[in-house]
Amino acid sequence: LGYHAYFAQAICFEGGGPYGNALLSKYPIMKAERILIEDPPVRDEDAYYETRCLLKAELDVAGGITVYVCHFGLAKAEARNAVKTLLAQLERQTRPCVFMGDLNLTPDSEILAPVYERLQDTAALFTHPQLSWPSDLPERKIDYIFASRDVKVLAAEIPEVVAADHRPHTALLDIGR
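Residues numbered from 1 in each chain as written. Predicted model: local features only at pLDDT ≥ 70, side-chain atom pairs only at ≥ 80, totals over all residues. Heavy atoms only, no water.

Q: Explain the pairing of strand E1 (residues 4–13) to me, and be specific about the residues and the numbers.
A: Sheet analysis places E1 next to strand E2 (residues 17–25), joined by nine bridges and oriented antiparallel. Among the inter-strand pairings, Gln9 is bridged to a residue of E2, identified as Gly20. (Pairing = 2+ DSSP bridges. Helix = DSSP H or I, 4+ residues; strand = E, 2+ residues; numbered from the N terminus.)

Here's what the structure looks like:
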């Protein structure tokens, strides 16, 4: 494709290879890193647990933008730790940023409230609810693109495309630099 890429491995499945988050960018990736998300010390939910990570990349476009990518776990304790990890990164954030991923939570989840306080959900531009999972007959929105408040969201949608288990979420952003 001619794109720049970075892969942040969270785990290695025995016999299945590396698993984590990836970023494809048409803009050069100046710097990228994997930030591990702390596993819950107690597994007290009837849910699948898996070590997760946050991908952080600085892109060389319009003076620079930071992109975060994450796939939240299914256990609520894992999602809380993921939000905590993201918020710690955002506290140090000095340039415009985007956060995106499969968060396995619906927009009304109280776990996402701190993210909504800090970032804008590009889905606010939807003229009607657009759902992302499962892709063949979507029943909920669990995929997101958030942007810092200094980024102008020009368009956003979840196209009716079945290419994987989730429908894609797209957004057109103006960094304004």
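There is more to say, and it comes next.
Q: Before we move on, can you summarise helix H1 (residues 76–91) with the specific residues and values?
A: Taking 1.5 Å per residue as the helical rise, H1 with its 16 residues ought to reach 22 Å, and the 23 Å between its terminal C-alpha atoms agrees with that figure. The complete set of buried residues in H1 reads Ala77, Glu78, Ala79, Asn81, Ala82, Val83, Thr85, Leu86, Gln89 and Leu90. In the core, the buried residues of H1 are packed alongside strand E3 (29–36), strand E4 (53–59), strand E5 (65–71), strand E6 (97–102) and helix H2 (113–118). (Expected span 1.5 Å × (residues − 1). Buried < 20%, exposed > 50% of the residue type's maximum accessible area, 1.4 Å probe, protein only. Contact = heavy atoms within 4.5 Å.)

Q: Kindly report on a nonpolar patch on the surface, identifying the contributing residues and their values.
A: Together, Leu1, Tyr3 and Leu24 make up an exposed nonpolar region whose accessible area comes to about 420 Å². Given a relative accessible area of 46%, Tyr3 falls into the partly exposed group. (Patch = residues over 30% accessible without salt bridge, like charges linked within 9 Å, V, L, I, M, F, W, Y side chains within 5 Å. Areas by Shrake-Rupley, 256 points an atom, 1.4 Å probe, with all protein chains shown as cover. Salt bridge = Lys/Arg side-chain N within 4 Å of Asp/Glu carboxyl O.)

Q: Account for the sheet that holds E5, naming residues and giving values.
A: Each strand in a sheet pairs with its neighbour through backbone hydrogen bonds, running either in the same direction (parallel) or in the opposite one (antiparallel). A sheet is described by the order of its strands in space; here six strands give the open sequence E3-E4-E5-E6-E8-E7, paired in mixed fashion. Every interior strand has two partners, whereas the edge strands, E3 and strand E7 (120–121), have only one. Sheet topology note: the E7/strand E8 (residues 143–147) ladder contains two bridges and is antiparallel. Opposite Asp121, over in E8, you have Phe146 as the bridge partner.

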